[in-house]
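Structural description and commentary
Here's the letter readout for the chains.
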Amino acid sequence: MLALLAVLLGGFVLVFNTGQLVNDKIRLTNAVDAAAYSAAQWQARSLNYQAYLNRAMVANEVAIAQLISLRSWSRYVETLTTNIDRVARYVPYLGPPMQALERGWDAVDRALAVALPPLEQGLSVWNAEVLANAQGVAHQQAPLAAADLVGQVLQANEPRATLSAATRLLQVRNAGVWQHRFTQRYERGGGDLRRYTQLLADSRDGFTRSRGDDLFDVGIVSLAKRGGTDLIGEYAWRGLDTMSLHFDYFLDHDEVPLGWGAAEQRRNVQLVSRRGEHGGSWR
(Lines give C-alpha, C1' and ligand atoms only; values in the text may rest on other atoms or scores of the structure.)
Protein backbone atom coordinates (compact mmCIF):
# COMPACT_ATOMS: atom_id res chain seq x y z
CA MET A 1 0.00 0.00 0.00
CA LEU A 2 2.83 2.40 0.85
CA ALA A 3 4.51 1.67 -2.48
CA LEU A 4 1.23 2.12 -4.33
CA LEU A 5 0.55 5.42 -2.54
CA ALA A 6 4.07 6.61 -3.38
CA VAL A 7 3.54 5.83 -7.07
CA LEU A 8 0.15 7.54 -7.09
CA LEU A 9 1.57 10.57 -5.29
CA GLY A 10 4.46 10.77 -7.74
CA GLY A 11 2.05 10.52 -10.66
CA PHE A 12 -0.13 13.23 -9.16
CA VAL A 13 2.86 15.56 -8.74
CA LEU A 14 3.98 14.83 -12.30
CA VAL A 15 0.53 15.54 -13.73
CA PHE A 16 0.19 18.71 -11.61
CA ASN A 17 3.59 20.04 -12.66
CA THR A 18 2.91 19.18 -16.27
CA GLY A 19 -0.41 21.00 -16.08
CA GLN A 20 1.28 24.01 -14.55
CA LEU A 21 3.89 24.05 -17.31
CA VAL A 22 1.23 23.74 -20.00
CA ASN A 23 -0.80 26.50 -18.36
CA ASP A 24 2.27 28.76 -18.17
CA LYS A 25 3.08 28.02 -21.81
CA ILE A 26 -0.49 28.90 -22.88
CA ARG A 27 -0.40 32.13 -20.85
CA LEU A 28 2.99 33.04 -22.32
CA THR A 29 1.81 32.23 -25.84
CA ASN A 30 -1.30 34.38 -25.38
CA ALA A 31 0.80 37.22 -23.94
CA VAL A 32 3.24 37.08 -26.86
CA ASP A 33 0.38 36.95 -29.37
CA ALA A 34 -1.27 39.94 -27.69
CA ALA A 35 2.01 41.87 -27.75
CA ALA A 36 2.66 41.11 -31.42
CA TYR A 37 -0.95 41.92 -32.36
CA SER A 38 -0.84 45.20 -30.44
CA ALA A 39 2.37 46.24 -32.19
CA ALA A 40 0.98 45.36 -35.62
CA GLN A 41 -2.26 47.18 -34.82
CA TRP A 42 -0.31 50.29 -33.80
CA GLN A 43 1.56 50.27 -37.12
CA ALA A 44 -1.69 49.73 -39.01
CA ARG A 45 -3.28 52.68 -37.22
CA SER A 46 -0.22 54.76 -38.07
CA LEU A 47 -0.78 53.96 -41.73
CA ASN A 48 -4.47 54.85 -41.38
CA TYR A 49 -3.49 58.16 -39.78
CA GLN A 50 -1.13 58.92 -42.66
CA ALA A 51 -3.86 57.98 -45.15
CA TYR A 52 -6.28 60.40 -43.49
CA LEU A 53 -3.62 63.12 -43.68
CA ASN A 54 -3.18 62.34 -47.38
CA ARG A 55 -6.91 62.82 -47.90
CA ALA A 56 -6.80 66.08 -45.96
CA MET A 57 -3.94 67.35 -48.13
CA VAL A 58 -5.81 66.42 -51.30
CA ALA A 59 -8.91 68.26 -50.04
CA ASN A 60 -6.83 71.34 -49.21
CA GLU A 61 -5.12 71.32 -52.61
CA VAL A 62 -8.48 71.04 -54.36
CA ALA A 63 -9.74 73.95 -52.24
CA ILE A 64 -6.72 76.00 -53.34
CA ALA A 65 -7.53 75.17 -56.98
CA GLN A 66 -11.13 76.29 -56.47
CA LEU A 67 -10.01 79.60 -54.96
CA ILE A 68 -7.57 80.13 -57.85
CA SER A 69 -10.38 79.41 -60.29
CA LEU A 70 -12.62 81.96 -58.59
CA ARG A 71 -9.92 84.64 -58.71
CA SER A 72 -9.12 83.96 -62.36
CA TRP A 73 -12.79 83.94 -63.34
CA SER A 74 -13.45 87.13 -61.37
CA ARG A 75 -10.55 88.89 -63.11
CA TYR A 76 -11.91 87.71 -66.46
CA VAL A 77 -15.38 89.10 -65.64
CA GLU A 78 -13.80 92.39 -64.55
CA THR A 79 -11.89 92.86 -67.82
CA LEU A 80 -14.92 91.76 -69.82
CA THR A 81 -17.25 94.27 -68.15
CA THR A 82 -14.58 96.99 -68.49
CA ASN A 83 -14.18 96.38 -72.23
CA ILE A 84 -17.95 96.22 -72.78
CA ASP A 85 -18.40 99.46 -70.82
CA ARG A 86 -15.94 101.25 -73.10
CA VAL A 87 -18.33 100.61 -75.97
CA ALA A 88 -21.67 100.62 -74.16
CA ARG A 89 -21.16 104.09 -72.68
CA TYR A 90 -21.95 105.51 -76.10
CA VAL A 91 -25.19 103.51 -76.42
CA PRO A 92 -28.31 105.28 -75.03
CA TYR A 93 -29.95 103.61 -72.02
CA LEU A 94 -27.21 100.95 -71.92
CA GLY A 95 -24.27 103.04 -70.76
CA PRO A 96 -25.32 103.85 -67.13
CA PRO A 97 -26.33 100.30 -66.13
CA MET A 98 -23.24 98.85 -67.74
CA GLN A 99 -21.04 101.39 -66.01
CA ALA A 100 -22.65 100.54 -62.66
CA LEU A 101 -22.10 96.84 -63.31
CA GLU A 102 -18.47 97.45 -64.20
CA ARG A 103 -17.84 99.47 -61.05
CA GLY A 104 -19.64 96.96 -58.86
CA TRP A 105 -17.73 93.98 -60.22
CA ASP A 106 -14.45 95.89 -59.99
CA ALA A 107 -15.09 96.24 -56.25
CA VAL A 108 -15.88 92.52 -55.99
CA ASP A 109 -12.72 91.59 -57.88
CA ARG A 110 -10.57 93.83 -55.70
CA ALA A 111 -12.05 92.27 -52.57
CA LEU A 112 -11.37 88.72 -53.84
CA ALA A 113 -7.82 89.69 -54.85
CA VAL A 114 -7.16 90.83 -51.28
CA ALA A 115 -9.02 88.12 -49.34
CA LEU A 116 -8.28 84.90 -51.25
CA PRO A 117 -4.45 84.83 -51.65
CA PRO A 118 -3.75 84.71 -47.87
CA LEU A 119 -6.27 81.88 -47.56
CA GLU A 120 -4.61 80.00 -50.43
CA GLN A 121 -1.18 80.53 -48.89
CA GLY A 122 -2.43 79.39 -45.48
CA LEU A 123 -3.79 76.14 -46.91
CA SER A 124 -0.55 75.56 -48.79
CA VAL A 125 1.60 76.18 -45.71
CA TRP A 126 -0.70 73.97 -43.63
CA ASN A 127 -0.19 71.15 -46.13
CA ALA A 128 3.56 71.54 -46.56
CA GLU A 129 4.65 72.41 -43.04
CA VAL A 130 2.01 70.93 -40.72
CA LEU A 131 0.30 67.90 -42.26
CA ALA A 132 3.37 66.64 -44.13
CA ASN A 133 5.55 67.02 -41.03
CA ALA A 134 2.90 65.26 -38.93
CA GLN A 135 3.05 62.41 -41.40
CA GLY A 136 6.83 62.28 -41.11
CA VAL A 137 6.73 62.20 -37.31
CA ALA A 138 4.07 59.48 -37.28
CA HIS A 139 6.05 57.45 -39.78
CA GLN A 140 9.29 57.65 -37.79
CA GLN A 141 7.68 57.00 -34.41
CA ALA A 142 5.54 54.02 -35.45
CA PRO A 143 8.21 51.27 -35.10
CA LEU A 144 9.55 52.81 -31.88
CA ALA A 145 6.09 53.05 -30.34
CA ALA A 146 5.29 49.52 -31.49
CA ALA A 147 8.46 48.18 -29.86
CA ASP A 148 7.63 49.95 -26.59
CA LEU A 149 4.07 48.66 -26.76
CA VAL A 150 5.32 45.07 -27.02
CA GLY A 151 6.96 45.33 -23.58
CA GLN A 152 3.96 47.01 -21.97
CA VAL A 153 1.41 44.48 -23.27
CA LEU A 154 3.68 41.55 -22.42
CA GLN A 155 4.12 42.72 -18.82
CA ALA A 156 0.41 43.40 -18.44
CA ASN A 157 -0.48 39.85 -19.51
CA GLU A 158 2.45 37.96 -18.00
CA PRO A 159 4.53 39.87 -15.40
CA ARG A 160 7.14 37.08 -15.25
CA ALA A 161 7.94 37.37 -18.96
CA THR A 162 10.98 39.31 -20.16
CA LEU A 163 12.11 40.50 -23.58
CA SER A 164 15.17 38.72 -24.92
CA ALA A 165 18.00 40.13 -27.02
CA ALA A 166 16.61 38.19 -29.98
CA THR A 167 13.33 40.07 -29.64
CA ARG A 168 15.16 43.40 -29.68
CA LEU A 169 17.09 42.38 -32.80
CA LEU A 170 13.81 41.38 -34.44
CA GLN A 171 12.35 44.78 -33.57
CA VAL A 172 15.35 46.51 -35.12
CA ARG A 173 14.86 44.45 -38.26
CA ASN A 174 11.15 45.32 -38.26
CA ALA A 175 11.98 49.03 -38.05
CA GLY A 176 14.35 48.71 -41.01
CA VAL A 177 11.74 46.93 -43.10
CA TRP A 178 9.15 49.55 -42.11
CA GLN A 179 11.38 52.44 -43.12
CA HIS A 180 12.87 51.14 -46.36
CA ARG A 181 10.75 48.32 -47.78
CA PHE A 182 7.22 48.30 -46.43
CA THR A 183 6.62 52.04 -46.74
CA GLN A 184 8.10 54.84 -48.81
CA ARG A 185 8.20 58.62 -48.43
CA TYR A 186 7.78 60.67 -51.61
CA GLU A 187 9.43 64.08 -51.91
CA ARG A 188 8.54 67.01 -54.11
CA GLY A 189 10.72 68.02 -57.00
CA GLY A 190 12.02 64.63 -58.03
CA GLY A 191 9.10 63.47 -60.13
CA ASP A 192 7.98 61.02 -57.44
CA LEU A 193 4.53 62.57 -57.04
CA ARG A 194 3.05 61.59 -60.40
CA ARG A 195 0.30 59.49 -58.78
CA TYR A 196 -0.42 62.27 -56.28
CA THR A 197 -0.61 65.00 -58.92
CA GLN A 198 -2.81 62.80 -61.10
CA LEU A 199 -5.10 62.26 -58.11
CA LEU A 200 -5.30 66.03 -57.62
CA ALA A 201 -6.14 66.52 -61.29
CA ASP A 202 -8.88 63.88 -61.11
CA SER A 203 -10.29 65.40 -57.91
CA ARG A 204 -11.04 68.81 -59.46
CA ASP A 205 -14.67 69.77 -59.83
CA GLY A 206 -16.13 70.70 -63.20
CA PHE A 207 -15.73 74.45 -62.76
CA THR A 208 -12.07 74.08 -61.83
CA ARG A 209 -11.21 71.60 -64.57
CA SER A 210 -12.84 73.33 -67.53
CA ARG A 211 -15.19 76.31 -67.56
CA GLY A 212 -15.67 76.94 -71.26
CA ASP A 213 -18.42 76.89 -73.84
CA ASP A 214 -19.15 77.96 -77.42
CA LEU A 215 -21.71 80.69 -76.81
CA PHE A 216 -22.70 80.97 -80.45
CA ASP A 217 -21.36 79.96 -83.83
CA VAL A 218 -22.79 81.24 -87.12
CA GLY A 219 -20.09 79.90 -89.38
CA ILE A 220 -17.84 82.85 -90.00
CA VAL A 221 -18.29 84.42 -86.56
CA SER A 222 -18.22 82.56 -83.24
CA LEU A 223 -18.00 83.55 -79.60
CA ALA A 224 -16.02 81.18 -77.38
CA LYS A 225 -15.43 81.11 -73.63
CA ARG A 226 -12.47 79.07 -72.40
CA GLY A 227 -10.96 78.51 -68.99
CA GLY A 228 -9.48 76.02 -66.57
CA THR A 229 -7.11 75.54 -63.62
CA ASP A 230 -4.17 73.12 -63.67
CA LEU A 231 -1.40 72.01 -61.33
CA ILE A 232 1.94 72.98 -62.85
CA GLY A 233 5.06 71.01 -61.92
CA GLU A 234 3.93 69.95 -58.40
CA TYR A 235 4.43 73.51 -57.18
CA ALA A 236 1.86 75.89 -58.65
CA TRP A 237 -1.86 76.09 -59.31
CA ARG A 238 -2.58 78.31 -62.31
CA GLY A 239 -5.95 79.36 -63.72
CA LEU A 240 -6.70 81.10 -67.02
CA ASP A 241 -9.95 82.44 -68.46
CA THR A 242 -10.67 84.05 -71.84
CA MET A 243 -13.56 85.06 -74.04
CA SER A 244 -12.96 85.90 -77.68
CA LEU A 245 -14.75 86.61 -80.95
CA HIS A 246 -13.44 84.37 -83.71
CA PHE A 247 -13.65 85.28 -87.41
CA ASP A 248 -12.98 82.28 -89.62
CA TYR A 249 -12.17 83.09 -93.22
CA PHE A 250 -11.38 80.66 -95.97
CA LEU A 251 -7.61 81.04 -95.65
CA ASP A 252 -7.25 83.09 -92.49
CA HIS A 253 -8.44 83.43 -88.92
CA ASP A 254 -8.78 86.48 -86.68
CA GLU A 255 -9.47 86.60 -82.96
CA VAL A 256 -10.70 89.58 -80.95
CA PRO A 257 -10.25 89.06 -77.18
CA LEU A 258 -13.12 90.49 -75.13
CA GLY A 259 -12.22 89.37 -71.61
CA TRP A 260 -9.33 87.61 -69.92
CA GLY A 261 -8.08 86.78 -66.48
CA ALA A 262 -5.48 84.67 -64.69
CA ALA A 263 -4.43 83.74 -61.17
CA GLU A 264 -1.69 81.61 -59.67
CA GLN A 265 -0.50 80.28 -56.34
CA ARG A 266 3.04 78.93 -55.97
CA ARG A 267 4.45 76.89 -53.15
CA ASN A 268 7.94 78.32 -53.67
CA VAL A 269 9.64 81.06 -55.65
CA GLN A 270 10.94 78.83 -58.40
CA LEU A 271 9.79 79.81 -61.85
CA VAL A 272 7.36 77.36 -63.37
CA SER A 273 7.86 77.48 -67.12
CA ARG A 274 5.43 74.72 -68.02
CA ARG A 275 1.83 75.41 -68.95
CA GLY A 276 -1.29 73.34 -68.71
CA GLU A 277 -4.33 72.98 -70.89
CA HIS A 278 -6.37 75.45 -68.81
CA GLY A 279 -9.53 74.45 -70.63
CA GLY A 280 -8.04 75.56 -73.95
CA SER A 281 -7.78 79.20 -72.89
CA TRP A 282 -4.06 79.44 -73.57
CA ARG A 283 -4.69 78.99 -77.28
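As a reminder, the structure under discussion sits directly above these lines.
Below, the structure is looked at part by part.

Regarding its fold elements, the protein presents five helices and four strands. Ordering the α and β elements of the protein from the N terminus gives α-α-α-α-α-β-β-β-β. Taken against the 2.2 N^0.38 rule, which gives 19 Å for 283 residues, the C-alpha radius of gyration of the protein at 34 Å runs more than 25% over that of a compact globule. Its C-alpha atoms put the protein at 130 × 40 × 35 Å along the principal axes.

So, about the nonpolar core. Of all hydrophobic cores here, the largest spans 17 residues; its most connected members are V58, I64, I68, Y196, L200 and W237. Of all elements in the fold, only α1 (2-88), α2 (95-157) and α4 (194-203) reach the threshold of two or more residues within this core. When residues of this core are assigned to their parent elements, the largest contribution, eight residues, is made by α1. Apart from residues no more than four positions distant in its own chain, V58 is found in contact with Y196, L199, L200 and S203. Counting residues in hydrophobic clusters, the runner-up holds eight residues, among them A31, V153, L154 and A161.

The next thing to look at is the packing of α2 against helix α3 (residues 165-182). Where α2 meets α3, the closest approach of the two axes is 10 Å, and the angle between their N-to-C directions is 160 degrees. Taken together, the axis directions place α2 and α3 in an arrangement best described as roughly antiparallel. The handedness of the crossing between α2 and α3 is right-handed. Residues H139, Q140, A142, P143, A147 and V150 of α2 form the contact with α3, whose own contacting residues are R168, Q171, A175, W178 and Q179. In the contact of α2 with α3, the residues fall into six nonpolar, four polar and one charged.

Right, let's talk about the packing of aromatic side chains for a bit. Applying the stated criterion to the full structure yields two aromatic pairs. When the ring of W73 is compared with that of F207, the centres are 6.4 Å apart and the planes differ by 75 degrees; the resulting orientation is edge-to-face. Of this pair, W73 sits in helix α1 while F207 sits in helix α5 (residues 206-209), and the two are 134 residues apart along the sequence. Relative accessible area serves as the criterion here: at 27%, W73 is assigned to the partly exposed category. The cationic tip of R211 hangs over the ring face of F207; the distance from NZ or CZ to the ring centre is 5.1 Å. The side chain of K225 reaches across the aromatic face of Y76, ending 4.7 Å from its centre.

Turning to a nonpolar patch on the surface, a few remarks are in order. A cluster of nonpolar side chains, M1, L2, L4, L5 and L8, forms an exposed patch at the surface whose accessible area comes to about 620 Å². Here L8 shows up in helix α1.

Scanning the model with the defined rule gives 14 salt bridges in all. The partner of R75 in a salt bridge is E78, and the shortest N-O contact between them spans 3.5 Å. Residue R75 and its partner E78 are located together in helix α1, separated by three residues, close to a single helical turn. Its relative accessible area of 33% is what places R75 among the partly exposed residues. On the accessibility criterion, E78 (9% relative accessible area) is buried. In this structure, the salt-bridge partner of R238 is E264, at a minimum N-O distance of 2.6 Å.

Within a sheet, each strand pairs with its neighbour through backbone hydrogen bonds, oriented either parallel or antiparallel. Strand order in the open sheet formed by four strands is β1-β2-β3-β4, with antiparallel pairing between adjacent strands. Among the strands making up the open sheet, the edge pair consists of β1 (213-217) and β4 (253-266). The mean inter-strand angle of the sheet, taken between neighbouring strand axes irrespective of direction, is 10 degrees. The pairing of strand β2 (residues 221-232) with strand β3 (residues 236-248) spans 12 bridges and is antiparallel. Bridge assignment links L231 to a residue of β3, and that residue is W237. Of the strands in this sheet, β2, β3 and β4 are in contact with α1, which crosses β4 at around 140 degrees.

Next up on the list: unusual backbone geometry. If you check the backbone angles, Y93 has positive phi at about 70 degrees while not being a glycine. On the basis of relative accessible area, Y93 is assigned to the exposed category, the value being 80%. The phi angle at H278 is positive, at roughly 55 degrees, despite the residue not being glycine. Along the chain, the position of H278 falls in the segment after β4.

Thresholds, definitions, all that
Numbering of residues starts from 1 in every chain and runs along the sequence as written. Given that the model is predicted, a residue must reach a pLDDT of at least 70 before its local features are reported, and side-chain atom pairs must reach 80 or more before they are shown or counted; all residues, however, enter totals for whole chains, interfaces and linings. Side-chain measures were taken over the full set of non-hydrogen atoms in the model, leaving aside hydrogen atoms and water. The secondary structure listing takes helices from DSSP runs of H or I that are at least 4 residues long and strands from runs of E that are at least 2 residues long, numbered from the N terminus. Only the C-alpha atoms count toward the radius of gyration. The rule for a globule is 2.2 Å times the residue count to the power 0.38. Residues belong to one nonpolar core when they are buried, are Ala, Val, Leu, Ile, Met, Phe, Trp, Tyr or Cys, and are joined through side-chain atoms within 4.5 Å. Burial classes follow relative accessibility: with a 1.4 Å probe on protein chains only, a residue under 20% of its type's maximum area counts as buried, one over 50% as exposed, and anything between as partly exposed. Any two residues whose heavy atoms approach within 4.5 Å are treated as being in contact. In this analysis an axis means a line fitted to C-alpha atoms, helices contributing only their contacting stretch, and an angle means the value between N-to-C directions, from 0 to 180 degrees. Under this scheme an angle from 65 to 115 degrees is roughly perpendicular, one under 35 degrees roughly parallel, and one over 145 degrees roughly antiparallel; angles in between are oblique. Should the near helix be turned counterclockwise from the far one by less than a right angle, the crossing is left-handed, whereas a clockwise turn marks it as right-handed. The classification used treats Ala, Val, Leu, Ile, Met, Phe, Trp, Tyr, Cys and Pro as nonpolar, Asp, Glu, Lys and Arg as charged, and all other residues, Gly among them, as polar. Here the aromatic set is Phe, Tyr and Trp, taking the six-membered ring for Trp, and pairing holds for ring centres within 6.5 Å; pairs whose planes are under 30 degrees apart are stacked, those over 60 apart are edge-to-face, and all others are tilted. Sitting over a ring, as applied to charges here, requires NZ of Lys or CZ of Arg to be within 6 Å of the ring centre and within 35 degrees of the ring normal. Patch membership is restricted to residues that have no salt bridge and whose relative accessible area is over 30%. Joining uses 9 Å for like charges and 5 Å for the nonpolar side chains Val, Leu, Ile, Met, Phe, Trp and Tyr. Residue burial considers only the protein chains on display, and all accessible areas are found by Shrake-Rupley using a 1.4 Å probe. By convention in these notes, a salt bridge is any Lys or Arg side-chain nitrogen within 4 Å of a carboxyl oxygen on Asp or Glu. The rule for pairing is simple: two strands pair if DSSP sees at least two bridges between them.

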